[in-house]
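Examination of the molecular architecture
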Amino acid sequence: IDCYEDVCDRYGNFLNVHKYGKPIAKQRHDREAVRTAALSGSRKFFFISDNAHHPKTNKEIFNYAGRFNALTNIAYLYEFFEEHDAEEKFEPFTSGYGALRYNFPQNTGTIKLRRENWFVPKLYNGLAPDLAGRLMKWKVVGQNINQSSD
């Protein structure tokens, strides 16, 4: 989660349009409150993602909100939970609590992570991935996603 000051200068000009997504934390203490909530283990807080795959050139020209995070969100979240010694809270936060909240069936699919250092590419099929250039500690190496036919 980035803060407003990570994305824009005090005049509202973008410092890095690729970090621009909504909602955005106003100040650092707002970001810390979201992190604390995620780590709390409370069923009131759960992961939801809005993957915005705007081509890099369009994002830079039109300043579209949204981040292309499909390559990184699960691995980055696991890294975050691991850094806070809260790995046991990762799965309910990412795949359990949302279903409970909305009375959906629990997800029976799986995602396999492997500890592997890799760099997020600066460009992926014309898109600028979230965390581009960052060294990641975990990588998604397999998935078995069960999708409803409803």
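Here, every reference points to the structure presented above.
Just so you know, these numbers come straight off a predicted model, no measurement behind them.

A few points about the pattern of salt bridges
Evaluated as defined, the whole model comprises 11 salt bridges. For Arg35, the salt bridge identified is with Glu32, shortest N-O distance 3.1 Å. Taken as a pair, Arg35 and Glu32 lie in helix α2 (residues 28–39) at a separation of three residues, close to a single helical turn. Owing to a relative accessible area of 27%, Arg35 belongs among the partly exposed residues under this scheme.

Topic: helix α4 (residues 73–83)
A turn of α-helix holds 3.6 residues, and therefore any two residues three or four places apart point the same way. Judged by how many residues are buried, α4 sits mostly within the fold: nine of 11 residues are covered. In this fold, the buried residues of α4 make contact with α2, α5 (90–101), β1 (110–119) and β2 (135–144). Just downstream of α4 lies Asp85, where phi reads positive at about 50 degrees.

Procedures and definitions
Residues numbered from 1 in each chain as written. Predicted model: local features only at pLDDT ≥ 70, side-chain atom pairs only at ≥ 80, totals over all residues. Heavy atoms only, no water. Salt bridge = Lys/Arg side-chain N within 4 Å of Asp/Glu carboxyl O. Helix = DSSP H or I, 4+ residues; strand = E, 2+ residues; numbered from the N terminus. Buried < 20%, exposed > 50% of the residue type's maximum accessible area, 1.4 Å probe, protein only. Contact = heavy atoms within 4.5 Å.

The values are spatial; any link to function lies outside them.
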